[in-house]
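Structural description and commentary
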Amino acid sequence: MLPSLRDVTAARRDPELVVLEGFHALKHALRFGGEVLGVWTADLDELEALRLRLAPDLTLPPVTLAAAEELARIVPRAQVLALARRPAQPDVPAMLALPGPEPVVLLEQPRHLGNLGACVRVAAAAGAAGLIATGDQDPWHHDAIRGGAGLQFALPVRRARALPDSGRPLVALDPEGDVLEPGALPPRAVLAFGTERDGLSDELLARADARLALPMRAGVSSLNLATSVAAVLYSAAASWAPPGPPAPRG
C-alpha cells in the first residue's frame, strides 16, 4: 500500500524514513539506489519536464497528484515531495575501516543543519569515503537532506558521540596550523572541521597527528564550514580521485 501525504509528516519523526523535499533530493536518492516509497507533486507535466532536463537517466516511481495547498502545508514552495527509506550504511567503525585512500570528513558539533547538509553535498561531489558529525545535529534530518540535495544517499553519513580510534591519520583544520600545501594531506586521513565561531575542541586538537590551515587574506578570520570543507577536499582530491567521466547532467 502506497503511503499518503499524512504519512510524510509522521515520517519526520521516524529514524527509518527520510523526507525528500524538492526534485534534486529525489533525483539523488534514486540515482544512488534509494528506496523511494512515494512521490507527490501538484504538476505532473512540470515534474516530467524537470526529469527530462535534469535527470534523463532516471525513471521516476509512480507519482501521486496532490493539490498545491496540500504540499505547501508540509513544505512551502516545494514542487515535488517524496518519502524514502533510510538506507543501511556502514557504522562509524566500519566507515573508518573502508579501504582506499579517500578521506573521511569529521564535523565536530556542527550547529546549522543546512550547512551540515551542504558539507555532505561537497563530500559526495569530491569523492570522500564518508562523513561523520558529532553532537546533536542529525545529518539525516530533513533540513540537512534539503541542504545536501539528497546526497546522503551517495556516501556513508553518520552521527557519532565522538570519533573512535582508527588507523587513519587525524588532520585538524586549525587557523594556527601549518599552511595547507599540495601533497600535505596523507592518504586515508580523517579531516576534522570545527565550528566557525570556536573551531575544534582542545581534546580533538590534542589527538591530531597534524594541524593544517587554509591560507586566507589578512583580516579574514574564518570561512563558512561548507566552504572550508570544499576548499580542503578539492585542493587534495587529485591525490586520491583518478580522472573519471563527467557526472550525469543535473
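Residues numbered from 1 in each chain as written. Predicted model: local features only at pLDDT ≥ 70, side-chain atom pairs only at ≥ 80, totals over all residues. Heavy atoms only, no water.

The interhelical angle for the contact between helix H2 (residues 23-31) and helix H3 (residues 44-54), taken along N-to-C directions, is 60°, at an axis separation of 11 Å. Relative to H3, the element H2 lies oblique. Between H2 and H3 lies a crossing whose hand is right-handed. Of the residues in H3, those touching H2 at Phe23, His24, Lys27 and Arg31 are Leu47, Leu50, Arg51 and Leu54. (Axes fitted to C-alpha atoms, helices over the stretch in contact; angles between N-to-C directions. Helix = DSSP H or I, 4+ residues; strand = E, 2+ residues; numbered from the N terminus. Parallel < 35°, antiparallel > 145°, perpendicular 65-115°, else oblique. Left-handed = near helix turned anticlockwise from the far one by under 90°. Contact = heavy atoms within 4.5 Å.)

On to the side chain of Arg168. Mapping Arg168 onto the fold places it in the loop between strand S7 (157-160) and strand S8 (170-179). Put simply, Arg168 is tucked away with no salt bridge, and the nearest opposite charge, on Glu102, sits 6.5 Å away. A distance of 3.0 Å separates the side chain of Arg168 from the backbone oxygen of Glu102, its partner in a polar contact. If near-sequence neighbours (up to four positions away) are discounted, Arg168 is found in contact with Met95, Leu96, Leu98, Glu102, Pro103, Val104, Ala129, Arg188, Ala189, Val190 and Asp209. (Buried < 20%, exposed > 50% of the residue type's maximum accessible area, 1.4 Å probe, protein only. Lys, Arg positive; Asp, Glu negative; His and termini not counted. Salt bridge = Lys/Arg side-chain N within 4 Å of Asp/Glu carboxyl O. Polar contact = N/O pair within 3.5 Å; in protein donor to acceptor, adjacent residues only side chain to side chain.)

Right, let's get into the nonpolar core. With 51 residues, the main nonpolar core has Leu20, Leu26, Val105, Leu107, Leu131, Phe193 and Val229 as its most contacted residues. Here the element with the most residues in this core is helix H6 (residues 113-126); it accounts for seven residues. Once residues within four sequence positions are removed from consideration, Leu26 is found in contact with Leu20, Val36, Val39, Leu60, Val80 and Ala82. Val104, Ile132, Ala160 and Leu204 belong to the second-largest nonpolar core, a separate cluster that totals 17 residues. (Core = buried A, V, L, I, M, F, W, Y, C linked by side-chain atoms within 4.5 Å.)

Residue placement: Ser235 occurs in helix H9 (residues 225-236). As for Ser235 and Ala184, which are separated by 51 residues in sequence, their C-alpha atoms are 9.9 Å apart.

On to unusual backbone geometry, then. Glycine aside, a negative phi is what most residues show, and trans is what most peptide bonds show. With a phi angle near 55°, Gln109 is a residue other than glycine that sits in the positive phi range. Take Gln109: it is sitting in the loop between strand S5 (104-107) and H6. Phi at Ala149 is positive, roughly 55°, even though this residue is not glycine. Here Ala149 shows up in the loop between helix H7 (142-147) and S7.

Below, the discussion takes up the side chain of Thr41. Mapped onto the elements, Thr41 comes out in strand S2 (residues 35-41). Of the polar contacts made by the side chain of Thr41, one reaches the backbone nitrogen of Asp43; its length is 3.2 Å.

Here H6 spans 20 Å end to end across 14 residues, near enough to the 20 Å set by a 1.5 Å rise per residue. Looking only at H6, the buried set comprises Leu113, Asn115, Leu116, Gly117, Cys119, Val120, Val122, Ala123 and Ala126. On its buried side, H6 packs onto S5, strand S6 (130-134), H7, S7 and H9. Just beyond H6, the residue with positive phi is Gly127, at close to 85°. (Expected span 1.5 Å × (residues − 1).)

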